[in-house]
2 protein chains.
Amino acid sequence: MKKNRKLGRGVAIVGAGMSKFGMFRDKDSKDLFADAFRELIVSVDKGFDPKDVDALYLGNFSNDYFMHQAHWGPIISDLVGIAPKPATRTEGACASSALAFREGVFAIASGFYDMVLVGGVEEMSKRTTEEVAEGLALATVPYEGRAGFTFPGVFGAVATAYFAKYGAHREHLMNITIKSHNNAPLNPKAQFPVTIADLMNKKKESLQKREGAAPDWQTEKDFLADARANPVVAWPMHLFDCCPISDGASCMLLVAEEIARNFTDDPIFVAGLGQGSGRGFHASDDLTYFEATRYAAREAYGMSGLTPDDIQFSEVHDCFSIAELVHVEDLGFFKPGQGYKAIADGATRLDGIKPINTSGGLKCKGHPVGATGISQLYEVWTQLRGLAGARQVPAGDLRIGAAHNLGGTGGTCTFTILERK
Amino acid sequence: MKKNRKLGRGVAIVGAGMSKFGMFRDKDSKDLFADAFRELIVSVDKGFDPKDVDALYLGNFSNDYFMHQAHWGPIISDLVGIAPKPATRTEGACASSALAFREGVFAIASGFYDMVLVGGVEEMSKRTTEEVAEGLALATVPYEGRAGFTFPGVFGAVATAYFAKYGAHREHLMNITIKSHNNAPLNPKAQFPVTIADLMNKKKESLQKREGAAPDWQTEKDFLADARANPVVAWPMHLFDCCPISDGASCMLLVAEEIARNFTDDPIFVAGLGQGSGRGFHASDDLTYFEATRYAAREAYGMSGLTPDDIQFSEVHDCFSIAELVHVEDLGFFKPGQGYKAIADGATRLDGIKPINTSGGLKCKGHPVGATGISQLYEVWTQLRGLAGARQVPAGDLRIGAAHNLGGTGGTCTFTILERK
């Protein structure tokens, strides 16, 4: 990268919404987006006229595959009542809506539009687990998927490489799982709002009833170490290292900086944008980092003039526990090989020095892939606005937060820094 | 639309390439994109270093469905050697790469990037015709596809509505087919480089041999009126009213206006950008026009300050013959209900007052859906640069050309005006 990239015109977020994430047999993609959009409407403090929306960008990974319906841009522009305004779908696997956000920013920064709706949606739970796994494999690069690598296998390989290089082990990943499950009950949108401690106690009770004796689990890690509670998926990825299958939608309203205060006295500004692409595991000399994430981080830090130390909290793509670990290093929050120690010391907990995934993360909030990128930015916006309730980062005076989104096996990575001024 | 939209920074095209379009059993999407990119490289007069490309935007409709592979952005960024630079896929059905072009323009106009590669690709012919029809139906809106409307049926309904309202009939559509087939043999990239006259004579010969007598076809219209040569698909859409199934790729190199002359002494500038979305046929009070196309045209004319009369020639989305007819009216080239008369008078022929689809159009050049939008812009660029050889518009002093791209049943429509200064 030759220079620090800048936008010719600033962009602010003046409203946001997301549906509850989960598995909804009775809601389709339109219902879910409507839930998110309704929340967005009331989130704009001074109100706005949906007729003033100039364009829509929508992230969706593959409702083509999951729901046999592509071309979601105009379906959603019709739903929210802005047709014939333009609607563009972006796809970057699990980073699809982070791309929609970015294109919305560019469209405004270009001077062409003043108000853009960005969002994401995915509907996955109506398919069987096998069908979802097959659908997600479409997001790997050909050398991976066709070689039999599914996502748990890919991230299992990352974990073994990380363990071998840095001496970490499975217990370090458990810290990440336990932390995410501690945050999720504080998030009313989360798919799994339950702590590992509670799960352990429930499981103990049920085993006591069924088998007449309860396991001797003293700590959450005892529970996670027991295959009865936490079976292996692709070693060392166990069930509780893996995010769930989810349905959901998310959206945000972006406007040009100079008109932001017409809509709210508390706009949140886009301080840094970054995106990178990855070649795939066949081309990697070292599986313990993601080049695309590092590139995205350089771009976003360069634009913002900020450093990793300036980021007060961040959402980080934790499709698997190991993903959160390697990415907090790739983003510069911790040095390579040091992240697992910092996490063990509590650095990433809600009350830590660098809270990560206050929402519960993909692991517990859920991961409707096309909706995830903007749901992460929704969490950052919510925290910066001081609206996060029980999960509000207690550090006080939050000014700068960020979100990292990953698509496929690192094929598409984004890093977005938001700022309250 | 409240104002004439403007870009904060001008954008120019300094190179372009496309693969041959056709059905290629021995070439996959990467091979096809490589063909297009190789031509682009040599098309940049003063050369460029691919390492200076800041980002890629790639249009693809649904290789998800056709080839069981999504997430094509990073696959192509790897192919052309620009990873870890960002790569974003756009999807708007058959308008997917017109969206990629537009996002590339916004990314540069925003000030963030200076040089962006945009392209499109689709690989369809390895599926059966039935599978392709099923895949394309993913691009309709739910009320259409699920109601049994496939594309020939949708455009058949447009044609019957147009006939009923304006008194046109099938023979008027034949003028469009004959014109496209006259242009295609002049385009070395076309899938069907053959005139209707030649097809008629060949068919006569073969019937003479096989049946001992040739049909009494005197004119091309006699041939097209005979069900032996031109069977009905969905009345009044016959075989020769419908574009083919195709594979292909296309790409362009965009740069900021102020550096364009570092790459060529003859840059082509983006004068007007327009995009609209459509609600679907269930919501239309009149099937003889496409609101999304009209919206896109207003946006592009507004930005450019140009009028329909200023457009010297245009590519127009002719997935079916009737589509070309209604769109030349929607774009303002002819008044509603007057297009078929102007076409009958030869206005849209290569030597007419408003040449349309000099490339042969989707009908004869081919329609690999994700590649089509940028292939249309490639034709406009080629004509404006005076590089179109035997199909060069003979009017002389070409300054302004345009391309109209349609996705689905009008769900996504774009109109882009290019200018040589």
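Quantities reported herein were computed from a predicted structural model and do not represent experimental measurements.

Describe the overall build of chain A, and please don't skip the residues or the numbers.
From N to C terminus, chain A includes 15 helices and eleven strands. Against the globule reference of 22 Å for 421 residues, chain A gives a C-alpha radius of gyration of 20 Å, in line with a compact fold. If you line up chain A on its principal axes, its C-alpha atoms span 65 × 45 × 45 Å. The buried share of chain A, taken over its 421 residues, is 62%. Considering only residue pairs separated by 6 or more positions, chain A has 77% of its internal contacts joining residues 24 or more positions apart.

Give a description of the pairing of strand β9 (residues 313–316) of chain B that names residues and reports values.
All names here are of chain B. Burial along β9 is two-sided: the face carrying Phe313 and Glu315 and the face carrying Ser314 and Val316 are both buried. Bridge analysis of β9 against strand β10 (residues 400–407) gives four bridges, and the strand direction is parallel. Residue pairing in the sheet places Val316 in a bridge with His404 of β10.

Hey, could you go over helix α7 (residues 151–166) of chain A for me, with residue numbers and the actual values?
Three or four residues apart is the spacing at which side chains of an α-helix point the same way, because the helix has 3.6 residues per turn. Residue and element names in this part refer to chain A. Between its terminal C-alpha atoms α7 stretches 22 Å, which fits the 22 Å expected from 16 residues at 1.5 Å a residue. Those residues of α7 that fall on the buried side of the exposure criterion are Phe151, Pro152, Val154, Phe155, Gly156, Val158, Ala159 and Tyr162. In this structure, the buried residues of α7 make contact with α5 (129–137), α6 (142–145), α8 (170–183), β5 (232–234), β6 (237–238) and α12 (321–330). Within two residues after α7, Gly167 carries a phi angle of roughly 80°, on the positive side.

An account of the interface of chain B and chain A is requested, with residue identities and associated values reported.
Think of interface size as the accessible area that goes away when the parts come together; that is how it is often given. Each partner contributes residues to the interface: chain B has 53 residues there, and chain A has 53 residues. Listing elements by their share of the side of chain B that touches chain A, those giving two or more residues are α2 (63–67), α3 (72–79), β3 (87–91), α4 (96–109), β8 (268–277) and α11 (291–304) of chain B. Here the side of chain B that touches chain A is composed, by residue class, of 22 nonpolar, 20 polar and eleven charged. Direction of pairing for strand β3 (residues 87–91) of chain A relative to β3 of chain B: antiparallel, over a ladder of three bridges. Residue pairing across strands places Glu91 of chain A opposite Arg89 of chain B, the latter belonging to β3 of chain B.

I'd love a proper account of the packing of α7 of chain A against α12 of chain A, names of residues and values included.
Residues and elements named next belong to chain A. Where α7 contacts α12, the axes come no closer than 9 Å and their chain directions differ by 55°. When the axes of α7 and α12 are compared, the pair comes out oblique. Helix-helix and strand crossings are classified by hand; for α7 and α12 the assignment is left-handed. Contacts between α7 and α12 pair Phe155, Val158, Ala159 and Tyr162 from the former with Ile322, Ala323, Leu325 and Val326 from the latter. A class-by-class count of the residues in the contact of α7 with α12 yields eight nonpolar, no polar and no charged.

Can you lay out the relation of the copies chain B and chain A for me, pointing to particular residues and giving the numbers?
Screw-axis analysis of chain B against chain A gives a translation of 0.0 Å along the axis, an RMSD of 0.0 Å, and a rotation angle of 180°. Put plainly, the chains are arranged around a two-fold axis. Closest to the rotation axis within chain B is the C-alpha of Ser110 of chain B, separated from it by 1.9 Å. Take the interface residues of chain B: 100% of them recur as interface residues in chain A, which is what a same-surface contact looks like.

Which residues make up the nonpolar core, and what are the values?
Of all hydrophobic cores here, the largest spans 256 residues; its most connected members are Val116 and Met252 of chain A together with Met252 of chain B. Not counting residues within four places of it along the chain, the set of residues in contact with Val116 of chain A comprises Val53, Asp54, Ala55, Tyr57, Gly104, Ala107, Ile108 and Leu254 of chain A.

Describe helix α9 (residues 196–211) of chain B, and please don't skip the residues or the numbers.
Helix length check: α9 of chain B (16 residues) gives 21 Å between terminal C-alpha atoms against 22 Å at 1.5 Å per residue, within 8%. Two residues or fewer after α9 of chain B comes Gly212 of chain B, characterised by a positive phi angle close to 80°.

How would you explain the pairing of strand β8 (residues 268–277) of chain A if you had to name every residue and give the values?
In regular strands, side chains alternate between the two faces of the sheet. Residues and elements named next belong to chain A. With nine of ten residues buried, β8 lies mostly within the body of the structure. Direction of pairing for strand β1 (residues 11–18) relative to β8: antiparallel, over a ladder of two bridges. Paired with Ala12 across the bridge in β8 is Phe269. Of the pairings in the sheet, the one linking β8 to strand β11 (residues 412–420) comprises nine bridges and is antiparallel in character. From the neighbouring strand, Leu273 faces β11, where its bridge partner is Thr416.

So what's going on with the packing of helix α8 (residues 170–183) of chain B against helix α12 (residues 321–330) of chain B? Which residues, and what values?
Residues and elements named next belong to chain B. Following both chains from N to C, one finds α8 and α12 inclined at 100°, their axes separated by 9 Å at the closest point. As far as their axial angle goes, α12 and α8 are roughly perpendicular. Contacts between α8 and α12 pair Leu173, Ile176 and Thr177 from the former with Ser321, Ile322, Glu324 and Leu325 from the latter.

Basis of the calculations
Residues numbered from 1 in each chain as written. Chains lettered and ligands numbered in written order. Predicted model: local features only at pLDDT ≥ 70, side-chain atom pairs only at ≥ 80, totals over all residues. Helix = DSSP H or I, 4+ residues; strand = E, 2+ residues; numbered from the N terminus. Rg over C-alpha atoms; globule rule 2.2 N^0.38 Å. Buried ≥ 20, exposed ≤ 12 C-beta atoms within 10 Å, placed from the backbone. Contact = placed C-beta atoms within 7 Å. Pairing = 2+ DSSP bridges. Expected span 1.5 Å × (residues − 1). Nonpolar A, V, L, I, M, F, W, Y, C, P; charged D, E, K, R; others polar. Axes fitted to C-alpha atoms, helices over the stretch in contact; angles between N-to-C directions. Parallel < 35°, antiparallel > 145°, perpendicular 65-115°, else oblique. Left-handed = near helix turned anticlockwise from the far one by under 90°. Least-squares fit on C-alpha atoms with pLDDT ≥ 70 in both. Core = buried A, V, L, I, M, F, W, Y, C linked by C-beta atoms within 7 Å.

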